[in-house]
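Single-letter residue listing:
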Amino acid sequence: FKDKFLLNAQRRNLFLATAGLFLSRTALAAAGHKIKAVVYKDPNCGCCQDWVIHLEKNEFSVVLNGQANSKERSKLGMLQNRVRATAIIENYLIEGHFPASDILRLLKEKPDALGLSVPGMVVGTPGMDGPAYNDLKEPFKVLLVRKNGTAEIFNSYS
């Protein structure tokens, strides 16, 4: 009887701990907890500022840094032949402008990777969209950059 009681108590404690973790994450999300994004951008760059606004509207709290990011890129292992990093979010490099939903998916799936990249300045991506760009939308691919420098398609927009 004592062993059965202890086993039930352990199960109950595990259930309560799991429920508490779920409820605390839910409460944080409901309370407006945002994901920290350190964004590197030129202070005079309008499209980067528009991308920052896009992030802030989509669960991110942005810290702006106008300095070069070579040190952070090296620390995280990004090859220098890639586009310069735009943001660092939870130890992932985010290069280029693309929808916040791709970053949220990355954070949910947590692949073993350096981060996401959209090489170039693609018209139609967040920050490079709207009336200033005649509402044009070019197709683009969001790449998942692996730690060995290889890349694969993470998402496609047409």
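Refer to the structure presented above.
Only a predicted model underlies this, so the values are computations on that prediction, with no experimental measurement involved. Note on numbering: residues in each chain are counted from 1, in written sequence order. Two thresholds apply to this predicted model, a pLDDT of at least 70 for residue-level local features and 80 or more for giving and counting side-chain atom pairs, whereas whole-chain, interface and lining totals are computed over all residues. Calculated side-chain values reflect all of the structure's heavy atoms, with hydrogen atoms and water omitted.

K.L.:
Residue-level account of the pattern of salt bridges, with values.
P.N.:
For salt bridges, the criterion is a side-chain nitrogen of Lys or Arg within 4 Å of an Asp or Glu carboxyl oxygen. Enumeration according to the criterion identifies four salt bridges in this entry. Lys147 is the partner of Asp112 in a salt bridge, and the nearest nitrogen-oxygen pair spans 3.0 Å. Of this pair, Asp112 sits in the loop between helix H4 (100-109) and strand S5 (115-117) while Lys147 sits in the loop between strand S6 (140-145) and strand S7 (151-157); the two residues are 35 residues apart in sequence, bridging distant segments of the chain. Grouping residues by exposure puts Asp112 and Lys147 together as exposed. Under the DSSP-based scheme used, a helix requires at least four consecutive residues in state H or I and a strand at least two consecutive residues in state E, with every element numbered from the N terminus. The cut-offs for exposure are 20% and 50% of the maximum accessible area for each residue type, with area from a 1.4 Å probe on protein chains only; residues under the lower value are buried, those over the upper are exposed, and the others partly exposed.

K.L.:
Go over unusual backbone geometry with me, naming the residues and quoting the values.
P.N.:
In this structure, Asn91 takes a positive phi of about 65 degrees despite not being glycine. Looking at where Asn91 falls in the secondary structure, it is placed in the loop between strand S3 (87-89) and strand S4 (92-95). Residue classification places Asn91 among the exposed positions, given a relative accessible area of 59%. Of note, Lys110 is a non-glycine position whose phi angle comes to about 50 degrees, a positive value. Among the secondary structure elements, Lys110 is positioned in the loop between H4 and S5.

Purely spatial values, then, with no claim about function.
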